[in-house]
Amino acid sequence: MAGVIVLIVLLGIAFAAGYYTREYISNKRRAEARRWREYTEPDWLPANAPANTNEIASAITAIPVVNGELGKMLDRWETRARARRAG
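Residues numbered from 1 in each chain as written. Predicted model: local features only at pLDDT ≥ 70, side-chain atom pairs only at ≥ 80, totals over all residues. Heavy atoms only, no water.

Engineer: Would you mind going over the pattern of salt bridges with me for this structure?
Structural biologist: Summed over all chains, the structure comprises one salt bridge. Here Glu78 makes a salt bridge to Arg82, at a shortest N to O gap of 3.8 Å. Residue Glu78 and its partner Arg82 are located together in helix α2 (residues 69-86), separated by four residues, close to a single helical turn. Assessed through its relative accessible area of 31%, Glu78 is described here as partly exposed. (Salt bridge = Lys/Arg side-chain N within 4 Å of Asp/Glu carboxyl O. Helix = DSSP H or I, 4+ residues; strand = E, 2+ residues; numbered from the N terminus. Buried < 20%, exposed > 50% of the residue type's maximum accessible area, 1.4 Å probe, protein only.)

Spelled out as structure tokens, the structure:
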């Protein structure tokens with residue numbers, strides 16, 4: 001009798017694991033499809049600027065210009081990154 005109960009419990013665990021795996025893979029595929037289709041968020045969602053962008057946000061009006069060697073190097077990197085994103 002105990003063997004039958006163990007088999008039923010194992011069958012229930014296997015079903016639960018299968019449904020979880022199916023949901024996980026589906027979410028991954030949907031996220032990839034949104035990236036490939038250049039998904040844009042609906043108007044009713046808050047549109048925050050991404051944190052990893054090199055573009056100057058419209059809220060920031062004055063950014064100090066760095067004239068040193070490091071500033072010039074960083075400026076070149078940002079220019080190259082913009083060129084790569086632009087195509």
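Engineer: In this structure, what is going on with the packing of aromatic side chains? I would like to understand it.
Structural biologist: Within a pair of aromatic rings, the relevant descriptors are the distance that separates the centres and the angle that separates the planes. Taken as a whole and assessed by the stated rule, the structure comprises one aromatic pair. Ring plane angle 20 degrees and centroid distance 6.5 Å describe the contact between Tyr20 and Tyr24, whose orientation is recorded as stacked. On the criterion of helical spacing, the pair formed by Tyr20 and Tyr24 is a turn pair, its members being four residues apart in helix α1 (residues 2-36). For Tyr20, a relative accessible area of 59% corresponds to the exposed category. (Phe/Tyr/Trp six-rings, centres within 6.5 Å; stacked < 30°, edge-to-face > 60°.)

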